[in-house]
Amino acid sequence: SRGGCVDQVVDARLTVLDFSAGGAGLYIRPQVNSAIVIAVRNLTIANARPTEAQAIYGGLSFGNTGATVMLLQLSHLRILGCDSSDNARCGIYVNGNVDIRAVNVLLADNEARSAGVWAQNNSLGSFYGQHLTVMNNRALSTDDAGLDVTGGAPLVLENTIVWNNDNGDGGNNCAIKL
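Residues numbered from 1 in each chain as written. Predicted model: local features only at pLDDT ≥ 70, side-chain atom pairs only at ≥ 80, totals over all residues. Heavy atoms only, no water.

1. Quick word on the overall build of the protein chain
Okay, step 1: For the protein chain, the count of helices and strands is zero helices and 16 strands.
Okay, step 2: Every one of the 178 residues in the protein chain was classed for burial, and the buried ones make up 44%.
Okay, step 3: Within the protein chain, counting contacts between residues at least 6 apart in sequence, those at least 24 apart form 83% of the total. (Helix = DSSP H or I, 4+ residues; strand = E, 2+ residues; numbered from the N terminus. Buried < 20%, exposed > 50% of the residue type's maximum accessible area, 1.4 Å probe, protein only. Contact = heavy atoms within 4.5 Å.)

Set out below in structure tokens:
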């Protein structure tokens, strides 16, 4: 504290969900059909081990089955070392009409059917990334590694790095797929 002010350090390394012993990560499925805001901040999700049998994906999984657009705010988030050889996806998986705001987010060293950011069926939503880094992710199938945002959602990226993502079997290897 200096002069009556309190210093606050925002550091995603200070709160860690480590799934080394098993588990798929953070799974969010709101059961409402109204505009809501979900915020995930100051968090590291590490070593998630999803399986297709779990019907969820590794790292952070968010879905909206309703027609109303929801807002997913991600800030100071790291998803690292997610690994699934069982046909699941790792990184950030979003399905449905969602406005996604990712600021100061790192997705690195994830390996699965697809790895990195996978936002699908998002015709009414959007994706905004600022200070977003998607690197060293590896897809084990013909799906993509990197940033895959489809369904007609507007995509805006500022100061973003998408680097060294690899499709292991030579399939679609786009760093950014729209």
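2. A short note on the environment of cysteine 82
Okay, step 1: Structurally, cysteine 82 can be placed in the loop between β5 (70–80) and β6 (89–96).
Okay, step 2: Note on cysteine 82: relative accessible area 1%, which makes it buried.
Okay, step 3: Along the sequence, cysteine 82 and alanine 112 sit 30 residues apart, while their C-alpha atoms lie 7.8 Å from each other.
Okay, step 4: With residues near it in sequence (within four places) discarded, cysteine 82 still touches Asn47, Ala48, Arg49, Pro50, Gly58, Gly59, Cys90, Gly91, Asp109, Asn110 and Glu111.

3. Some points on the pattern of salt bridges
Okay, step 1: Scanning the entire structure with this criterion turns up two salt bridges.
Okay, step 2: In this structure, the salt-bridge partner of glutamate 111 is arginine 138, at a minimum N-O distance of 3.7 Å. Here glutamate 111, found in strand β8 (residues 111–112), pairs with arginine 138, found in strand β11 (residues 138–139); they are 27 residues apart in sequence, far enough to count as distant.
Okay, step 3: Arginine 138 is the partner of aspartate 166 in a salt bridge, and the nearest nitrogen-oxygen pair spans 3.8 Å. With a gap of 28 residues between them, aspartate 166 in strand β15 (residues 166–167) and arginine 138 in strand β11 connect regions that are remote in the sequence.
Okay, step 4: Among the charged side chains, a salt-bridge network with shared partners connects Glu111, Arg138 and Asp166. (Salt bridge = Lys/Arg side-chain N within 4 Å of Asp/Glu carboxyl O.)

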